[in-house]
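Chain by chain, the residues:
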Amino acid sequence: MMQFNDFQIPGVIRFGEGALATIKDEVLSKNPSKLFIISDKGVEKAGLVDELKEVLETCEIPMETMTDIAGEPTFSLVEETIKTLNQSKADFVIGIGGGSALDVAKASAALQDKHDLENYFSGKKTIENRTVPCVLLPTTSGTGAEVTKNAIFGDEVEGVKRGIVSPALLPDAAIVDPELTLSCPSRVTAASGVDAFTHAIESYISTNATEQTRIYSEKSMKLFAEHITNAVHNGSSIEARTGMSWASLLGGVSLANAGVGAVHAMAYPLGGTYHIEHGVANALLMPFVFKVIGKTCTDDMVRVASFVEIGDFTSSKHQALEAVVHYLLQLLKDLNLPTSLKELGVEKADLPKLAEQASQVKRLLSNTPYRLHEDQILGIYEDAYEGGKGGSNGS
Ligand SMILES: NC(=O)c1ccc[n+]([C@@H]2O[C@H](COP(=O)([O-])OP(=O)(O)OC[C@H]3O[C@@H](n4cnc5c(N)ncnc54)[C@H](O)[C@@H]3O)[C@@H](O)[C@H]2O)c1
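Conventions adopted
- Residues numbered from 1 in each chain as written.
- Predicted model: local features only at pLDDT ≥ 70, side-chain atom pairs only at ≥ 80, totals over all residues.
- Heavy atoms only, no water.
- Helix = DSSP H or I, 4+ residues; strand = E, 2+ residues; numbered from the N terminus.
- Buried < 20%, exposed > 50% of the residue type's maximum accessible area, 1.4 Å probe, protein only.
- Contact = heavy atoms within 4.5 Å.
- Axes fitted to C-alpha atoms, helices over the stretch in contact; angles between N-to-C directions.
- Parallel < 35°, antiparallel > 145°, perpendicular 65-115°, else oblique.
- Left-handed = near helix turned anticlockwise from the far one by under 90°.
- Nonpolar A, V, L, I, M, F, W, Y, C, P; charged D, E, K, R; others polar.
- Expected span 1.5 Å × (residues − 1).
- Arc of directions from axis to C-beta.
- Patch = residues over 30% accessible without salt bridge, like charges linked within 9 Å, V, L, I, M, F, W, Y side chains within 5 Å.
- Areas by Shrake-Rupley, 256 points an atom, 1.4 Å probe, with all protein chains shown as cover.
- Salt bridge = Lys/Arg side-chain N within 4 Å of Asp/Glu carboxyl O.
- Lys, Arg positive; Asp, Glu negative; His and termini not counted.
- Charge placed at Lys NZ, Arg CZ, Asp CG, Glu CD.
- Domains from an automatic or database assignment.
- Buried area = accessible area lost by both parts, 1.4 Å probe.
- Polar contact = N/O pair within 3.5 Å; in protein donor to acceptor, adjacent residues only side chain to side chain.

Under an unreviewed UniProt entry, the name given to the protein is Iron-containing alcohol dehydrogenase, and the organism recorded is Oceanobacillus aidingensis.

## Notes on the environment of proline 178
Tracing the backbone through its elements, the reader meets proline 178 in the loop between strand E8 (173-176) and helix H7 (186-205). Owing to a relative accessible area of 0%, proline 178 belongs among the buried residues under this scheme. With 109 residues separating them in the primary sequence, proline 178 and proline 287 have C-alpha atoms 28 Å apart. If near-sequence neighbours (up to four positions away) are discounted, proline 178 is found in contact with Phe15, Gly16, Glu17, Ile238, Arg241, Thr242 and Ser245.

## As for unusual backbone geometry
Peptide bonds are mostly trans, and most non-glycine residues show a negative phi. Notably, histidine 275 is not glycine yet its phi reads approximately 55°, a positive angle. You can see histidine 275 is positioned in the loop between helix H10 (262-274) and helix H11 (278-293).

## Considering the packing of H7 against helix H12 (residues 298-307)
With their axes 11 Å apart at the nearest point, H7 and H12 run at an angle of 150° to one another. With respect to H12, the element H7 is oriented roughly antiparallel. Every pair of crossing elements has a handedness; the one defined by H7 and H12 is right-handed. When H7 is examined against H12, the residues Ile201, Tyr204 and Ile205 are found in contact with a partner set consisting of Asp300, Met301, Arg303, Val304 and Phe307. Grouping the constituent residues of the contact of H7 with H12 by class yields six nonpolar, no polar and two charged.

## Section: helix H4 (residues 75-88)
With 14 residues, H4 should cover 20 Å at 1.5 Å per step; its first-to-last C-alpha distance of 20 Å lies within 8% of that length. Of all the residues in H4, the buried ones are Phe75, Leu77, Val78, Thr81, Ile82, Leu85 and Ser88. All buried residues of H4 project into a common sector of 150° when viewed along the axis, lining one side. Every exposed residue of H4 that faces more than 90 degrees away from the buried side is listed here: Lys83 and Gln87.

## Considering a negative patch on the surface
A contiguous patch of negative charge, built from Glu17, Asp50, Glu51, Glu54, Glu57 and Glu179, is present on the exposed surface. Checked against the element boundaries, aspartate 50 lands in helix H3 (residues 48-57).

## Structural notes on the domain arrangement of the protein
When the domains of the protein are assigned, the result is domain 1 (12-181) and domain 2 (186-385). Listed per partner, the contact involves 25 residues of domain 1 and 30 residues of domain 2. For the domain 1 face of the interface with domain 2, the top three residues by lost area are Phe15, Ser141 and Lys161, together amounting to 26%. On inspection of domain 1 and its partner domain 2, the count reaches zero salt bridges. Our enumeration of links across domain 1 and domain 2 arrives at nine residue pairs in polar contact (both at pLDDT 80 or more). For the side of domain 1 that touches domain 2, the elements supplying multiple residues, two or more each, are strand E1 (12-15), strand E6 (150-155) and strand E7 (160-165). For the side of domain 1 that touches domain 2, the element with the highest residue contribution is E7, accounting for four residues. Split into classes, the residues belonging to the side of domain 1 that touches domain 2 amount to eight nonpolar, 10 polar and seven charged.

Written as structure tokens, this is what we have:
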């Protein structure tokens, strides 16, 4: 049977310093009667919501703002946001913020006219269309949420995170202005930056990767390696912020079209149970997951090592994986990120339950070129619990 690969991206991806000001063109082209801005308190405090509103005021269209989006948002928050959006009678949604605000914005816009939300949240139904226009502006680099057809939320009842997936979640326009990330705190810069790298490396080795998605993931990894340290330790560098904005955007495009894998599958229960930030969970798990799954993609590990410039392993292929794992562990230290699950307050007794939950994230595990069983997942959690210093090596 013939197999085809679709490549899906938002209608417009606009990148560049000062791109925020051009949002008025996107708004005016749709002739809306009222705008609804979705963001969070941190982004508002940094002055970015006011900056956006100042630009939008020139459109002379009424607007309402909701800045109550909590980090690692839940399905009930989406429900609440949709209620407020519908009460406002706005017909144009703008999300400005990190992945949390953008996910709520894109899901609210796409679900605003749907009645049986439960079915969409549980995945029984897929969103087929979106009637309200949506524009997204990321302020972290990042999740790439502005270009993905996923939105991830916590399910408070089951204590897990789950994604909803539909092309209707792609915005009409993604406006990526690196200046919006200048105020991003260093811990968020580090965690969301490594998240971007996780998207790039996991989509690069994904069983759904294509020649096209690999172009994006390769470039994303190269830009990440070049700019992450400076972005974290010298946040006012627009060069570093621009490099990381590209890394995030390109990683997001490759994630949206090739999928991510076991690192994300194992991060979801940590987010659901312990509310550990998504980027931190991914960053911490990545070296321990790759220690195991990297064995099945030796050639890819040689290439990744060359992208992040840690050596040429073409004539010593089997040393590439060790070098990549070492690089990922060193990153945690260099970027002041936690180095063990223990340090994050995870209970050792919870690891079997977390492994059971992660083994259910089949949508992502099936993208990984190594079939991980529950006991192997548990082994990886145990390794990560001790920060690699315990007995288990997860294999
Ligand atoms: N849809 C997707 O494809 C996708 C991909 C990856 C992650 N995610 C989701 O994204 C969420 C995480 O997003 P995130 O890592 O961007 O963090 P976030 O959106 O939760 O933001 C983290 C903190 O940083 C602050 N912040 C963000 N930008 C700022 C700025 N420029 N200046 C000052 N403060 C700023 C926020 O106020 C918040 O307090 C998770 O819920 C995760 O599941 C979604």
